[in-house]
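As a plain string of letters, each chain reads:
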2 protein chains.
Amino acid sequence: MRKVRVGIWGFGAMGIGMANMILKKEGIEIVSVCSRSTSGKSMYDVLGIERGERPEVIINKNYEEVFREKSVDVVLLATDSFTKKAFDKIIFLLNRKINVISTAEQMAYPQADDADLAKKMDEVAKENGVSILGTGINPGFVLDLLVLALSGTCEEVTSIKAKRVNDLSPFGKSVMVEQGVGVTREEFIKGVEDKTIAGHVGFVESINMIADGLGWKLDKIEQTKEPIMTTVDRKSKYGEALAGNVAGCRQCGYGYVNGEVLIEMEHPQQIIPEAEGIKTGDYVSIKGIPNIDLQINPEIPGGVGTYAMIVNSIPLIINARPGLKTMLDIPVPRAIMGDIRNQIEVELEEESKAN
Amino acid sequence: MRKVRVGIWGFGAMGIGMANMILKKEGIEIVSVCSRSTSGKSMYDVLGIERGERPEVIINKNYEEVFREKSVDVVLLATDSFTKKAFDKIIFLLNRKINVISTAEQMAYPQADDADLAKKMDEVAKENGVSILGTGINPGFVLDLLVLALSGTCEEVTSIKAKRVNDLSPFGKSVMVEQGVGVTREEFIKGVEDKTIAGHVGFVESINMIADGLGWKLDKIEQTKEPIMTTVDRKSKYGEALAGNVAGCRQCGYGYVNGEVLIEMEHPQQIIPEAEGIKTGDYVSIKGIPNIDLQINPEIPGGVGTYAMIVNSIPLIINARPGLKTMLDIPVPRAIMGDIRNQIEVELEEESKAN
């Protein structure tokens, strides 16, 4: 069987992480990269990796030149957080009979935010015999798939609390702005109001995925965003919060079923949490038969966690029946430590039409 | 859509647990129960539950009378630990075009112990358009599926350690014998040699499932069984271990890849572990990119964990393409808190042929 052919659209931190990971794997090759900022350069030069015997990959900003019908088996789309923004790109790719895996947080469960867009993607994917999936570390794993997996050992679930306490320090300038790092309390409140402080995108998706997975009918979802005030000066590579100012954003989400909060999520994100003795980690607590209390310390890191979930989903999305898929539909992604082709159950066409 | 129809074969602790669980769920009914010990009695009387409006279910020891072609959608088979012992029953059911979910530990990954039997089950299932799955809390979840799920967030996995420390106290007399509770060190060593002390069945299955899931080629698996000596008197409902004697069995399993132990499992099982300050729990430690350390305290209990995994897998095995399935092939089972029919993606035949 020939190698699995991959395209990458978007070559920021995520796209680069995926590319580095794929280049270490067997039975898979990167055929094309679409990106504006590094267009015209060799992918290997951007990555700082010796090309060796591998064919050259010149990054190209023109997606119509890069992605042609069946020119790759799957495109990893790492350009947006919101379904609406990624939508046209996804439809373009599906119409070229290419499977798609998206990093967009809303794409982890797009039916939660916009059922019409989700339906459209499902239809176009089915018409073209390919599949579309969104995933990542969160949404996609910690606050949804992991919770659902634990629930499988339960006779009954009466309520769920899940919490992800992480460190924003490794992230860049734009994340510092989105999470309100370094501003005053008043600036934070204003930023939440005018949406310049966006916080975490994904609670609506995670809560809906859990509810649909279990068969609970959600009445509504509420979310809150509060400033995490620091009592000591904190400084990370791209962020700084002086004592008395904001070190990050504590976001909470509440899923109501029959008027009660049955799903509760907490996601405090800040720089240098250890400055005030805060231990990072992922926590799931299920009340039911039985009760289950899980912790992962420290938390599974966000960057590698996301691009690994995307790359590890490649064989599963190629194997899937056509349509819009979520983590409820496919087997659990696992690390790929052997030839990826051993995980592929369908026949890859020997030569793509475009080549 | 009509209700999902279930048969149960074997009505010990597991079968009864499943029945109690199913009777609390919507969109599903128990149609038949096959069991020797309670043959002739009403299932509801054995369970001590009011039958109410539900049709009577008389337990019958004659499986040929109980299970006819398509008389149920799925049989939950809770009679054996070993594939060889369950095999004839499974083939009988598959030939009657009935999906099967087995509690047999070896059935969680039957290709590990006997590739021929696994192949035969796969063929017969496909010929009859149905599926066969084995699962449970362990093997089936803690020391395999949970490990694999975590690995999906990893760029690379270099080694895995997983440990399940549990309390045998709730279990009955036969488990006390199998685990050597109460015997002397010499009796334990002799019991392991002559196989009267069987310990845990499932390491071979879990280690093979992980290796195949990741794409590691196993050289060999080694297992050890050691007595857990107690320094204090311990007494549970069905077991007793005096100070200086054996309180249980510490079993370890080692999966070798390229001459190195990459998968290590430890499963100490004993009565009243808290008598010597031992905390029970499930632990997974992955070395790789990133490292992951997970703990669940206390451990997910064995009894409910197993029958819940079996019942929660019902919609997934009905939805599955025909053949032998493992936890590598189906979406992750989750608690069923709504009408189970909402999780069924195929059409259930309106009336079964036999009715």
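Everything numeric here is computed off the predicted structure, so don't read it as measured data. (Residues numbered from 1 in each chain as written. Chains lettered and ligands numbered in written order. Predicted model: local features only at pLDDT ≥ 70, side-chain atom pairs only at ≥ 80, totals over all residues. Heavy atoms only, no water.)

## Observations regarding the packing of helix 4 (residues 83-95) of chain A against helix 5 (residues 115-128) of chain A
Residue and element names in this part refer to chain A.
- Between helix 4 and helix 5, the least distance of the axes is 9 Å, while the angle of their chain directions is 10°. Between helix 4 and helix 5, the interaxial angle falls into the category roughly parallel. Between helix 4 and helix 5 lies a crossing whose hand is left-handed. Note on element contacts: helix 5 touches helix 4 through Leu117, Lys120, Met121, Val124, Ala125 and Asn128, opposite Thr83, Lys84, Phe87, Ile90, Ile91, Leu94 and Asn95.
- Class assignment of the residues belonging to the contact of helix 4 with helix 5 gives a composition of 8 nonpolar, 3 polar and 2 charged. (Axes fitted to C-alpha atoms, helices over the stretch in contact; angles between N-to-C directions. Helix = DSSP H or I, 4+ residues; strand = E, 2+ residues; numbered from the N terminus. Parallel < 35°, antiparallel > 145°, perpendicular 65-115°, else oblique. Left-handed = near helix turned anticlockwise from the far one by under 90°. Contact = heavy atoms within 4.5 Å. Nonpolar A, V, L, I, M, F, W, Y, C, P; charged D, E, K, R; others polar.)

## Considerations on the domain arrangement of chain A
All names here are of chain A.
- Per the domain assignment, the segments of chain A are domain 1 (2-135 + 302-341) and domain 2 (143-299).
- Distance between the C-alpha centres of domain 1 and domain 2: 27 Å.
- Carbon and sulfur atoms make up 77% of the area that domain 1 and domain 2 hide from each other, which totals about 1000 Å².
- Of all residues in domain 1, Tyr109, Met327 and Leu328 bury the most surface against domain 2, accounting for 43% of the area lost on that side.
- One can count 0 salt bridges joining domain 1 with domain 2. (Domains from an automatic or database assignment. Buried area = accessible area lost by both parts, 1.4 Å probe. Salt bridge = Lys/Arg side-chain N within 4 Å of Asp/Glu carboxyl O.)

## Digging into helix 10 (residues 302-312) of chain B
- Counting buried positions along helix 10 of chain B gives 10 out of 11 residues, so the element sits mostly inside the fold.
- Those residues of helix 10 of chain B that sit buried are Gly302, Val304, Gly305, Thr306, Tyr307, Ala308, Met309, Ile310, Val311 and Asn312 of chain B. (Buried < 20%, exposed > 50% of the residue type's maximum accessible area, 1.4 Å probe, protein only.)

## Structural notes on the interface of chain A and chain B
- Listed per partner, the contact involves 54 residues of chain A and 54 residues of chain B.
- Summed over both sides, the interface of chain A with chain B buries roughly 4300 Å², with 56% coming from carbon and sulfur.
- For chain A, the biggest contributors to the area lost against chain B are Glu155, Arg334 and Met337 of chain A; these three give 16% of the whole.
- Glu155 of chain A is paired through a salt bridge with Lys24 of chain B; the nearest N and O atoms lie 2.7 Å apart.
- For the pair chain A and chain B, the interface holds 31 residue pairs in polar contact (both at pLDDT 80 or more).
- Looking at the side of chain A that touches chain B, the elements with two or more residues in it are helix 6 (145-151), strand 6 (156-167), helix 9 (203-214), strand 13 (292-296) and helix 10 (302-312) of chain A.
- Residues belonging to the side of chain A that touches chain B are distributed by class as follows: 32 nonpolar, 12 polar and 10 charged. (Polar contact = N/O pair within 3.5 Å; in protein donor to acceptor, adjacent residues only side chain to side chain.)

## Re the pattern of salt bridges
- Going through the model one piece at a time under the given rule, you end up with 35 salt bridges over all chains.
- For the salt bridge of Arg51 of chain A with Glu56 of chain A, the shortest nitrogen-to-oxygen distance reads 3.7 Å.
- Residue Arg51 of chain A is classed as partly exposed on the basis of its relative accessible area, which comes to 33%.
- On the accessibility criterion, Glu56 of chain A (37% relative accessible area) is partly exposed.
- Several salt bridges share partner residues, and in doing so they unite Lys24 of chain A together with Glu155 and Glu156 of chain B into one network.

## Quick word on the UniProt feature "domain: 2,4-diaminopentanoate dehydrogenase C-terminal" (unreviewed entry) in chain A
- Sequence positions flagged by UniProt for "domain: 2,4-diaminopentanoate dehydrogenase C-terminal" (unreviewed entry) are, in local numbering, residues 141-345 of chain A.
- When the span residues 141-345 of chain A is considered, its composition is 25% helix and 33% strand, and the gap between its end C-alpha atoms is 24 Å. (UniProt positions renumbered as here; feature names shortened; annotations may be inferred.)

## As for the packing of aromatic side chains
Residues and elements named next belong to chain A.
- Scanning all chains against the criterion turns up 8 aromatic pairs over all chains.
- Aromatic side chains Trp9 and Phe67 sit 5.4 Å apart centroid to centroid with 35° between the ring planes, which places their arrangement in the tilted category. On the criterion of sequence distance, the pair formed by Trp9 in strand 1 (residues 4-9) and Phe67 in the loop between helix 3 (63-66) and strand 3 (74-77) is long-range, its members being 58 residues apart.
- Judged by relative accessible area, Trp9 falls into the buried class, the value being 6%. (Phe/Tyr/Trp six-rings, centres within 6.5 Å; stacked < 30°, edge-to-face > 60°.)

## Structural notes on the sheet that holds strand 14 (residues 323-325) of chain A
Residues and elements named next belong to chain A.
- Read from one edge to the other, the open sheet built from 6 strands follows the order 2-1-3-4-5-14, with strand pairing classed as parallel. Only two strands of the sheet have a single neighbouring strand rather than two, namely strand 2 (28-34) and strand 14. Within the sheet, the average angular offset between the axes of one strand and its neighbour, ignoring direction, is 20°.
- Across 6 bridges, the pairing between strand 1 and strand 2 is parallel. For Ile8, the partnering residue across the bridge sits in strand 2 and is Val33. (Pairing = 2+ DSSP bridges.)

## Considering the environment of Glu266 of chain A
Residue and element names in this part refer to chain A.
- Residue placement: Glu266 occurs in strand 11 (residues 260-270).
- A residue is classified by how much of its surface remains accessible, and Glu266, at 25% relative accessible area, is partly exposed.
- Distance in space between the C-alpha atoms of Glu266 and Val165 is 8.0 Å, their sequence separation being 101 residues.
- Not counting chain neighbours up to four residues away, the residues in contact with Glu266 comprise Ala162, Lys163, Arg164, Phe203, Arg250, Gln251 and Cys252.

## Some details on the sheet that holds strand 10 (residues 246-257) of chain B
- Pairing within the open sheet is mixed, and its 12 strands lie in the order 7(A)-10(A)-11(A)-6(A)-12(A)-13(A)-13(B)-12(B)-6(B)-11(B)-10(B)-7(B). Unpaired on one side and paired on the other, strand 7 (218-229) of chain A together with strand 7 (218-229) of chain B mark the two borders of the sheet. Taking each pair of neighbouring strands and ignoring which way they run, the sheet shows an average axis angle of 10°.
- In terms of strand pairing, strand 13 of chain A meets strand 13 (residues 292-296) of chain B through 3 bridges, oriented antiparallel. Counterpart to Ile296 of chain A in the pairing with strand 13 of chain B is Leu294 of chain B.
- Where helix 8 (residues 185-193) of chain A meets the sheet, its contacts fall on strand 7 and strand 10 (246-257) of chain A, and the angle it forms with strand 7 of chain A comes to roughly 155°.
- Helix 9 of chain A rests against strand 6, strand 7, strand 10 and strand 11 of chain A of the sheet, and its axis sits at about 145° to strand 11 of chain A.

## Thoughts on the nonpolar core
- By size, the foremost hydrophobic cluster in this structure holds 150 residues, and its most contacted members are Leu76 and Ile314 of chain A together with Ile314 of chain B.
- Ignoring any residue separated from it by four or fewer positions in sequence, one finds Ile314 of chain B in contact with Val4, Val6, Ile22, Ile28, Val74, Leu76, Ile101 and Ile340 of chain B. (Core = buried A, V, L, I, M, F, W, Y, C linked by side-chain atoms within 4.5 Å.)

## Things to note about the relation of the copies chain A and chain B
- Screw-axis analysis of chain A against chain B gives a translation of 0.0 Å along the axis, an RMSD of 0.0 Å, and a rotation angle of 180°. The symmetry that links the two subunits is that of a two-fold axis. For chain A, the residue whose C-alpha comes nearest the rotation axis is Pro331 of chain A, separated from it by 2.0 Å.
- Comparing interface residues between copies, 100% of those in chain A also lie at the interface in chain B; the contact surface is shared. (Least-squares fit on C-alpha atoms with pLDDT ≥ 70 in both.)

## Describing the side chain of Asn128 of chain B
Residue and element names in this part refer to chain B.
- Within the secondary structure, Asn128 is located in helix 5 (residues 115-128).
- Judged by its relative accessible area of 12%, Asn128 falls in the buried class.
- Of the polar contacts made by the side chain of Asn128, one reaches the backbone oxygen of Leu94; its length is 3.4 Å.
- A polar contact of 2.8 Å, which involves the side chain of Asn128, links it to the backbone oxygen of Val124.
- When sequence neighbours within four positions are dropped, the list of residues in contact with Asn128 reads Leu94, Asn95 and Lys97.

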